[in-house]
Amino acid sequence: MAPRHVVPMSTSHAARSVCVLGTEVFLDTRRSTPRGAASFDVHATPAVTVHMIHSPTTKPTMDSRWPLDPDIEVVVTIDVTSRTIDDNQVKISYYDREGHELAVAWLYLTCVEVSLDVDWSRSGRVKSKGKDKAKWTWGPDGQGAVLLVNCDRDSPGAGGTDSGQADIRTLADLQDMSVMLLRTQGPSAIFAEYQVVLHVPESDADKVRVFHAVRGDAPPRYKPVLGPDKLSYVLERAGHGDSTFYVEGLAFPDRGFSGLVSFSASLLEVPHKDSPGTPIFTDTVVFRVAPWIMTPNTQQPLEVFVCSIKHGSDSNEAFLEGLRTLLSKANCKLTVCSEQDTRSDRWIQDEVEFGYVEAPHKTFPVVFDSPRNRGLKDFAFKKILGPDFGYVTREPPGKSVTSLDSFGNLDVSPPVTVRGKEYPLGRILIGSPLPWASGRRMCRAVRDFLFAQTVQAPLEVYSEWLSVGHVDEFLTFVPALDRKGFRLLLASPNACYKLFKEKQQQGHGEATQFIGLKGTEKRSIDEILADESLRSDNRHVQRCIDWNRNLLKQELGLSEQDIVDIPQLFILTDSRADALFPDMVNMLVLGRHLGIPKPFGPVVGGRCCLEQRVRELLEPLGLSCTFIDDFFSYHVLSGDVHCGTNVRRKPFAFKWWHMVP
């Protein structure tokens, strides 16, 4: 709360002061009360409004005189900016008990306007006269401005993101910033005695940078005035209307930073040039830095990324052909990353996650680069970062990464409602050990970042039972036309055994399954069902998946009707599981078109019974299944279709600031 502006009155000489348009000035009348005075009255020129603060029992007399009650306060406000100095007057007259005037105290007031304004209504335009500008609130009726982290690269020749540059090199860069207007009006001579200072708290200064659009220059000049190395800026030409500032975000919300940053404009009384000045008015605005937001499979695909691997026995040329067939059906752009650019690293899902940032005036995609740092280490920074395409990364300090730091271990649900609480942007899923167990875990730096974004309330699920340890090995989400608008697909050994048992009972026990864990072994349905060691392995896997099933039902508000069990078998190696045949849940979701790893299942009646069962489960939901051969190019290398692809999707229509976390 801003301190009161109190002006001491005197009967020996006229008082002079400056007030700010629409703000309260408290008149200290006690010091000037003459001996013998019993009452007083107040008169003012037309632009001045006088308010008397008093107890309900205190009343003025018939001639509008007030008793000299110590609880009475005199407050004045002015709602018109002064044209000349001292053009507003307040007169306080003191009277004795007989009604004789004993003395008079005069106050000459000059009213100026000092207003700091931002897009507090989130309309995309700066509005003045906002109420409670120093507060930031969530929800459709909330208020407070939004600030983007300037993490793209509009500036030609910049080595990194634009936020790393201390200057503005292109006008396109301004579009990523939020406008802040500082309005100062009043007689110019008054600002020789009073300074207008724009300032930022020290705790926020390293999170933002502010540029002043200096008028009169051709081309316009944008002067850096606030930021990590500068906490305050004195406005040189105060009193001449609006000064435009551009505010640039430098840091995403993270551990120890909620995302809120504030700026203030203060009017300082400066008795002499070496004085630091005394604030008589401060106007404060607040921004929230826009979070990085993930997009679920239910969002429209815009661009699919895949790596080209042309050399060696594990070339993915056949896989790319299957992928092109799928994308022609889905009418989606395909970007094939060259082997030279990716340094022969095919696991693009593990290296990056595509998301976006949004403010009322601007939205752009942002790629989150994982700390995995294998062949694709520099790909996002060198090939994706660019104009209106941002970049962010988090590296664990002094910690070697594990497989769980890869972003195949990161997913996000579609929007859900859980026990009455809405998650309109879904919930992030992070693969982890069991809550009470030790083991591999996604690094703290990445988890802290994800939790700090707030709007997608991360949930840690159990994935450490897998050799690779990624959530995309046992779950995915697909769109659906009914119920919640999606289904959760879970890998299911039970469903696979049930299917194989059915086929055995129908007399197809000799049909063979192509096993690709170590090579190209074939095993019949009879052999698989008779393998007690394999059955034991899959009982364990089913228990692990069921633990997640119960957690996801509880934390995503799902029922059994929202879950589809996809037949899949696993095998344990050193107590951790790998898919026995191509993992069909590890699929690429492009709208209603699904790119599913071809399982090479037992052929019954001329058709793969695994493919047939999956079609029976998913096609009634309005989905189209395309099975892609990834056996030698991905599966035998411990990954499948999802692991080898990545998708940039359309941002949510829902505005993140409309939610209530």
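Because the structure is predicted, anything quoted here is derived from the model rather than measured.

A. Focus on the environment of Val357. With respect to the secondary-structure elements, Val357 resides in strand E22 (residues 352–359). In the structure, Val357 is positioned 127 residues away from Lys230 in sequence and 27 Å away in space, judged by C-alpha atoms. Once you skip the residues sitting within four places of it in the chain, Val357 turns out to touch Leu148, Phe252, Ala290, Pro291, Trp292, Lys362, Thr363, Phe364 and Val366.

B. The arrangement of the UniProt feature "active site" (unreviewed entry) in the chain in detail. Mapped onto this numbering, the UniProt entry annotates "active site" (unreviewed entry) at Asp350, His470, Asp472 and Cys643. The largest pairwise C-alpha distance within this set of annotated residues, which runs over 294 residues, is 10.3 Å, so the set is compact in three dimensions. When only the residues just named are considered, the second largest pocket is lined by Asp350, His470, Asp472 and Cys643. Along the chain, Asp350 turns up in helix H3 (residues 348–351). If near-sequence neighbours (up to four positions away) are discounted, Asp350 is found in contact with Ser370, Arg372, Ser406, Phe407, Gly408, His470 and Cys643. Tracing the sequence through the fold places Asp472 in the loop between strand E29 (459–462) and strand E30 (475–479). Taking relative accessible area as the criterion, Asp472 reaches 2% and is therefore assigned buried. Sequence-distant contacts of Asp472, defined by excluding residues within four places in its chain, comprise Gln349, Gly408, Val585, Asn586, His642 and Cys643.

C. Representation of the pairing of strand E35 (residues 570–573) within the structure. Of the strand pairs in this sheet, E35 and strand E36 (residues 576–579) are connected by 4 bridges, and their pairing is antiparallel. Note on E36: the bridge partner recorded for Thr573 is Arg576. Taking the residues that link successive antiparallel strands as the turn, the E35-E36 hairpin has 2 residues, and the phi of Asp574 there is positive, at about 55°.

D. Structural view of the pattern of salt bridges. Throughout the structure, instances matching the rule amount to 41 salt bridges. Ionic pairing is found between Arg576 and Glu464, a salt bridge with its closest N-O pair at 2.6 Å. You can see Arg576 sitting in strand E36 and its partner Glu464 sitting in the loop between E29 and E30, a full 112 residues away along the chain. Judged by its relative accessible area of 28%, Arg576 is partly exposed. Look at Glu464 and you get buried, because its relative accessible area is 10%. The residue Asp562 makes a salt bridge to Lys484 at a minimum N-O spacing of 2.8 Å. One end of the pair, Asp562, is in the loop between helix H8 (532–556) and strand E34 (563–567); the other, Lys484, is in the loop between E30 and strand E31 (486–492), and 78 residues separate them in sequence. Salt bridges sharing partners connect three or more residues here, namely Arg549, Lys553, Glu560 and Asp565.

E. Quick look at the packing of aromatic side chains. For the structure shown, the criterion picks out 28 aromatic pairs. Measuring from ring centre to ring centre gives 6.3 Å for Trp436 and Trp547, while their planes differ by 75°; the resulting arrangement is edge-to-face. Taken as a pair, Trp436 in the loop between strand E28 (428–432) and helix H5 (444–452) and Trp547 in helix H8 lie far apart in primary sequence, 111 residues in all. Classification of Trp436 by relative accessible area gives exposed; the value is 64%. Among the residues examined, Trp547 registers a relative accessible area of 28% and is labelled partly exposed. Measuring from ring centre to ring centre gives 5.8 Å for Trp465 and Phe570, while their planes differ by 70°; the resulting arrangement is edge-to-face. Separated by 105 residues along the polypeptide, Trp465 in the loop between E29 and E30 and Phe570 in strand E35 bring together distant segments of the chain. Each member of the pair, Trp465 as well as Phe570, carries the same accessibility label: buried.

F. The arrangement of the layout of surface pockets in detail. By volume, the largest pocket amounts to about 930 Å³. For the largest pocket, the lining is made up of 26 residues, of which Gly22, Thr23, Phe281, Thr282 and Asp283 are closest to its centre. Secondary-structure elements contributing two or more residues to the lining of the largest pocket are strand E9 (101–117) and strand E18 (278–289). Looking at the lining of the largest pocket residue by residue, the class counts come to 10 nonpolar, 7 polar and 9 charged. Empty space within the second largest pocket amounts to approximately 380 Å³. The wall of the second largest pocket is formed by 24 residues, among which Val468, Glu473, Leu637, Ser638 and Gly639 lie closest to the centre.

G. Geometry of the environment of Arg539. Assignment of secondary structure puts Arg539 in helix H8. Look at Arg539 and you get partly exposed, because its relative accessible area is 42%. As for Arg539 and Asn494, which are separated by 45 residues in sequence, their C-alpha atoms are 8.1 Å apart.

H. Representation of the sheet that holds strand E37 (residues 588–590). Spatial strand order, E37-E38-E41: 3 strands in an open sheet with mixed pairing. The sheet terminates laterally at E37 and strand E41 (624–628), the two strands that pair on one side only. On average, each strand axis in the sheet is tilted by 20° relative to the strand beside it, whichever way the strands run. As paired elements, E37 and strand E38 (residues 593–597) share 3 bridges and run antiparallel to each other. Paired with Leu590 across the strands is His593, a residue of E38. Contacting E37, E38 and E41, helix H1 (residues 317–330) crosses the sheet at an angle of about 165° to E41.

Reading the values: rules and limits
Residues numbered from 1 in each chain as written. Predicted model: local features only at pLDDT ≥ 70, side-chain atom pairs only at ≥ 80, totals over all residues. Heavy atoms only, no water. Helix = DSSP H or I, 4+ residues; strand = E, 2+ residues; numbered from the N terminus. Contact = heavy atoms within 4.5 Å. UniProt positions renumbered as here; feature names shortened; annotations may be inferred. 1 Å grid on protein atoms, 1.4 Å probe; cavity = no way out; pocket = protein on both sides within 12 Å on 5 of 7 lines; lining within 4 Å. Buried < 20%, exposed > 50% of the residue type's maximum accessible area, 1.4 Å probe, protein only. Pairing = 2+ DSSP bridges. Salt bridge = Lys/Arg side-chain N within 4 Å of Asp/Glu carboxyl O. Phe/Tyr/Trp six-rings, centres within 6.5 Å; stacked < 30°, edge-to-face > 60°. Points joined across faces, edges and corners; volume = space filled by probe spheres on them. Nonpolar A, V, L, I, M, F, W, Y, C, P; charged D, E, K, R; others polar. Axes fitted to C-alpha atoms, helices over the stretch in contact; angles between N-to-C directions.

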